[in-house]
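# Survey of secondary and tertiary structure
Single-letter residue listing:
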Amino acid sequence: QVRLVESGGGLVQAGGSLRLSCVSSGSIFFLNTMAWYRQAPGKVRELVAAITGGRSTNYADSVKGRFTISRDNAKNTAYLQMDSLKPEDTAVYYCNQKVGKNDYWGQGTQVTVSS
């Protein structure tokens, strides 16, 4: 069974930085696409960034140039470096791993950006 555990959320002022981590277990990590999603109150969950096993990346337009997704296959961990944070980045951030046709999710970590 795939298990994802996120960490690194918190409260930060606008313009600040945070790094989220997602540790995966129960899968052949290096083969699978990892992604970060977020969900703000009253809004649908949206894709923030994704990285394939081959390390190709894609980003939501709203975070391009500010966020960086990466992975360390030796540690079965994906990261989301978030710089120049804005109040509109406030949301619960979820780690996602795609294994075949299945999606697995972490429990979520709260990111709050104060103005």
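Just above, that's the structure.
So, here is what we can say about the structure in this document. (Residues numbered from 1 in each chain as written. Predicted model: local features only at pLDDT ≥ 70, side-chain atom pairs only at ≥ 80, totals over all residues. Heavy atoms only, no water.)

## Let's talk about the pattern of salt bridges
Here is the rule: By definition, a salt bridge exists where a carboxyl oxygen of Asp or Glu is found within 4 Å of a side-chain nitrogen of Lys or Arg. Residue burial is assigned from relative accessible area. The probe radius is 1.4 Å, only protein chains are included, and a residue is buried under 20% of its type maximum, exposed over 50%, and partly exposed in between.
Under the criterion given, the structure shown has five salt bridges. A salt bridge links Lys64 to Asp61, with the nearest nitrogen and oxygen atoms 3.1 Å apart. When the shortest N-O distance is used, the salt bridge between Lys98 and Asp103 registers 2.9 Å. A relative accessible area of 29% places Lys98 in the partly exposed class. A single network of salt bridges, built from pairs that share partners, joins Arg38, Glu46, Arg66 and Asp89.

## A look at the packing of aromatic side chains
The line we're drawing: Pairing of aromatic rings covers Phe, Tyr and the six-membered ring of Trp, with a centre-to-centre limit of 6.5 Å; geometry is then stacked below 30 degrees between planes, edge-to-face above 60, and tilted otherwise. Charge over a ring is defined by NZ of Lys or CZ of Arg lying within 6 Å of the ring centre and within 35 degrees of the ring normal.
Applying the stated rule across the entire model yields one aromatic pair. Over the face of the ring belonging to Tyr94 we find Arg45, whose NZ or CZ atom lies 3.7 Å from the ring centre.

## Things to note about the pairing of strand 9 (residues 91-99)
Put simply, the rule reads: Pairing between two strands is assigned when DSSP locates at least 2 bridges connecting them. Put simply, DSSP H or I for four residues or longer makes a helix, DSSP E for two residues or longer makes a strand, and each gets a number counted from the N terminus.
Relative to strand 9, strand 4 (residues 33-39) runs antiparallel, the two being bridged by seven bridges. What sits directly across from Met34, in strand 9, is Gln97. Note that strand 9 and strand 11 (residues 109-114) share three bridges and pair antiparallel. Across the sheet, residue Val92 finds its bridge partner in strand 11, namely Gln110. Across four bridges, strand 9 lies against strand 10 (residues 102-105) in antiparallel orientation. Bridge assignment links Gln97 to a residue of strand 10, and that residue is Tyr104. Counted along the chain from strand 9 to the antiparallel partner strand 10, the turn is two residues long, and its residue Gly100 has a positive phi close to 60 degrees.

## Structural notes on unusual backbone geometry
Unlike most non-glycine residues, Arg55 shows phi in positive territory, near 75 degrees. Relative to the elements of secondary structure, Arg55 occurs in the loop between strand 5 (46-51) and strand 6 (57-59). If you check the backbone angles, Ser84 has positive phi at about 50 degrees while not being a glycine. By secondary structure assignment, the location of Ser84 is in the loop between strand 8 (77-82) and strand 9. Here Ser84 falls in the partly exposed class, since its relative accessible area comes to 41%.

## Concerning the nonpolar core
Filter applied, for reference: Take the buried Ala, Val, Leu, Ile, Met, Phe, Trp, Tyr and Cys residues and link them wherever side-chain atoms come within 4.5 Å; each set so joined is a nonpolar core. We call two residues contacting when some pair of their heavy atoms lies within 4.5 Å.
With 27 residues, the main nonpolar core has Met34, Trp36, Val48, Phe67, Leu80, Met82 and Tyr93 as its most contacted residues. Breaking this core down by element, the ones donating at least two residues are strand 3 (18-25), strand 4, strand 5, strand 7 (67-72), strand 8, strand 9 and strand 11. Apart from the residues lying within four places of it in its own chain, the contact partners of Val48 are Trp36, Tyr37, Arg38, Asn58, Tyr59, Ala60, Val63, Phe67, Leu80 and Tyr93.

## Quick look at the environment of Val23
Position of Val23 relative to the elements: it lies in strand 3. Separated by 19 residues in the primary sequence, Val23 and Leu4 place their C-alpha atoms 5.6 Å from one another. The residues touching Val23, leaving out its near neighbours within four places in the chain, are Arg3, Leu4, Val5, Lys75, Asn76 and Thr77.

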